[in-house]
Amino acid sequence: MSDPVVLAPGVHWIGALDPQLRVFDVILKTANGTTYNAYCVRGEKGVAVIDTVKAEFADTFFARLEAVARYDEITAIVLNHLEPDHTGALPELMRRAPQARLYISVKAQTMLKGLLKSEDLAYVPVDTGDTVDLGGRTLRFLNTPFLHWPDTQCTYLEEQALLFSGDVFGCHFCDGRLFNDRVGDFRFSFEYYYQHIMRPFREHVRAGLDLIEPLRLDLIAPAHGPILRDAPRAYVQRYRQLAAPLLHNEAADRAKTLLIFYISSYGNTARMALAVRDGAEEIDGVRASLYDLQGGEVTPFVDLIEEADGIVFGSPTINGDAVKPIWDLLSSLAVVSIKDKLGAAFGSYGWTGEAVQMLEDRLRGLKLRVPVSGVRVKLIPTQEELERCRAFGRQLAQHLTGRAVRRVIDMSELLKEPSHAQG
Amino acid sequence: MPKANVTFEDIGVTVTVPAGTRLIEISEKVGAGITYGCREGECATCMMKIVSGMENMSQRSVLEDKVLQENMAGRQHRLACQAQVLGGEIVVRPG
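What counts and how
- Residues numbered from 1 in each chain as written.
- Chains lettered and ligands numbered in written order.
- Predicted model: local features only at pLDDT ≥ 70, side-chain atom pairs only at ≥ 80, totals over all residues.
- Helix = DSSP H or I, 4+ residues; strand = E, 2+ residues; numbered from the N terminus.
- Contact = placed C-beta atoms within 7 Å.
- Nonpolar A, V, L, I, M, F, W, Y, C, P; charged D, E, K, R; others polar.
- Pairing = 2+ DSSP bridges.
- Axes fitted to C-alpha atoms, helices over the stretch in contact; angles between N-to-C directions.
- Domains from an automatic or database assignment.
- Buried ≥ 20, exposed ≤ 12 C-beta atoms within 10 Å, placed from the backbone.

(A) Main features of the overall build of chain B. On a plain count of helices and strands, chain B comes out with two helices and five strands. Sequence-ordered secondary structure for chain B, helices as α and strands as β, is β-β-α-β-α-β-β. Expressed as lengths along the three principal axes of its C-alpha atoms, the size of chain B is roughly 35 × 25 × 20 Å. Long-range contacts, defined here as pairs at least 24 residues apart, represent 65% of the contacts in chain B between residues at least 6 apart.

Laid out in structure tokens, this is it:
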């Protein structure tokens, strides 16, 4: 069971199978486990080990490695990604092959120190275009940050056109037959992995694809799941499709998108939402849309938010908190990039009205910009209060379109206010 | 007392403050998008970018410098909980 698998002349898979795993890293399910793929490349004057495995599978990894190389032959250890499922056997490998040089990305340096809890480490930080010569075999590095950690990189074996891609093009699918043309149907795992691991970083995915697409690709060897030797470029093309906007936005060229989500017990927050929408619509170049959270599922709203320029939440305050459907939506945004979008909140309340500021703090925590303080209304909004809501909508639209009036205030005024300055 | 003007780019607000004020004191009050963790210069959660006016900021302390370096911060970055404004015009944004 611990035989290495030949990928190409001088190139072996020396990873491990973990068929029993059902939940990976808290957030991902897998119906049949995963694989921790590690590879060994032999040149005329050196041997490279690319990635290792999760710590409890170290014995299998070393058995496979020993079948293809002696420890004193290893000249290079390459880490495409430092997450523990790929570096579990690293400390022991470094002990057994002390002469090997360690190649990591520039951003992996502090992570390596944190991982090995040592400041006294020898390693070579590498960037796009740097190479390692193994004698007739050249490893070339591609810096692909945030696919899906800051440290991630890919390693290309030039002479054989093999890409060791790290987590890119990987998935959690365990099948001992290893190659994509021999294993069971893993397409859903490939898509699921992208949606949960890569999707928040789609700008970085596009940048990574720009580096990968020009390469000749005879085989892609990812860090998890099947090795892609049959039509490898199809997987690259699929990533390009997945990293494109989900929905065609027919107004995108002429308008900024402002989404207003609300939930209302007695219709008061709903009336405020309508007024916010009406105010925003008064400003040219903004397309404002209104959604009652009680009438929708989370997933399509997440898709909409991914494409939007601004998001606004209207919530009543019930027992000192915003209501659950809003928190459910806000806790589902980890799979998309929302940083630097405009955020805002408003709502009607009966007693104390904490919801608005709690939502604003959450939006700031998610790294949205919250330039306009929300409108809070006690119970039923008056005409005057609805006009405040329209003004709030106008201000949000002005911030979205870059037409907001810049304000100058004195610190002493701020200190008089109980919370954030009214925008 | 000398004053400084601090502009928070993300929310389009300029605040006139007494010299010596820490950025955290202003940004929290005005609602700028700078988030905080430890507030003691250790966690780097409040790392922010000085868009202009770095010469109007206090020097980095040894502690702040170490934490910024560990977090691979650029030369334009500071910790909002540590950096004080000294005067003049300063423009900042989250990040």
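Moving on, there is more to tell.
(B) Quick peek at the interface of chain B and chain A. Counting from both sides, the interface comprises 19 residues of chain B and, opposite them, 22 residues of chain A. Residue assignment for the side of chain B that touches chain A shows that the elements contributing at least two residues are β2 (13-18) and α1 (23-30) of chain B. When residues of the side of chain B that touches chain A are assigned to their parent elements, the largest contribution, six residues, is made by β2(B). Tallied by class, the residues present in the side of chain B that touches chain A amount to nine nonpolar, seven polar and three charged.

(C) The arrangement of the sheet that holds strand β15 (residues 162-166) of chain A in detail. Residues and elements named next belong to chain A. Pairing within the open sheet is mixed, and its five strands lie in the order β12-β13-β14-β15-β16. Edge positions in the open sheet fall to β12 (131-133) and β16 (219-222), since each of these has one partner strand only. Strand-to-strand twist in this sheet, taken as the mean axis angle between neighbours without regard to direction, amounts to 20°. Bridge analysis of β12 against strand β13 (residues 138-143) gives three bridges, and the strand direction is antiparallel. By the bridge assignment, V132 is partnered in β13 with L139.

(D) The arrangement of the domain arrangement of chain A in detail. All names here are of chain A. You can read the domains of chain A as domain 1 (5-242) and domain 2 (256-416). For domain 1 and domain 2, the distance between their C-alpha centroids amounts to 43 Å. Taken together, the six residues of domain 1 in the interface contact four residues of domain 2. For the side of domain 1 that touches domain 2, the elements supplying multiple residues, two or more each, are α5 (187-198) and α6 (202-212).

(E) Highlighting the environment of A:T60. All names here are of chain A. Its location among the elements puts T60 in helix α1 (residues 58-68). When the C-alpha positions of T60 and G347 are compared, they lie 58 Å apart, and in sequence the two are 287 residues distant. Contacts of T60, omitting those with residues within four sequence positions, involve S2 and A16.

(F) Molecular detail of the sheet that holds strand β20 (residues 342-349) of chain A. Residues and elements named next belong to chain A. Taken together, five strands build an open sheet; the order of strands is β18-β17-β19-β20-β21 and the sheet is parallel. Both outer strands of the open sheet, β18 (286-292) and β21 (376-378), are each paired with one neighbouring strand and no more. Neighbour to neighbour, the strand axes of the sheet diverge by 15° on average, direction disregarded. Where strand β17 (residues 256-262) lies against β18, seven bridges are found, and the strand directions are parallel. By the bridge assignment for β18, K256 is matched with V286. Strands in contact with helix α9 (residues 298-307) are β17, β18 and β19 (310-314); relative to β17, the strand with the most contacts, it is inclined by about 145°.

(G) Summary view of the pairing of strand β14 (residues 153-157) of chain A. All names here are of chain A. By the criterion of burial, β14 is predominantly enclosed, with five of the five residues buried. By the alternation rule, side chains of β14 split into Q153, T155 and L157 and C154 and Y156, which are all buried. The sheet contact formed by β13 and β14 spans five bridges and is antiparallel. Each bridged residue has a counterpart across the sheet, and for F141 the counterpart in β14 is T155. Of the pairings in the sheet, the one linking β14 to β15 comprises three bridges and is antiparallel in character. Note on β15: the bridge partner recorded for Y156 is L163. Where β14 hands over to β15, the hairpin turn is made up of four residues, of which A161 adopts a positive phi near 55°.

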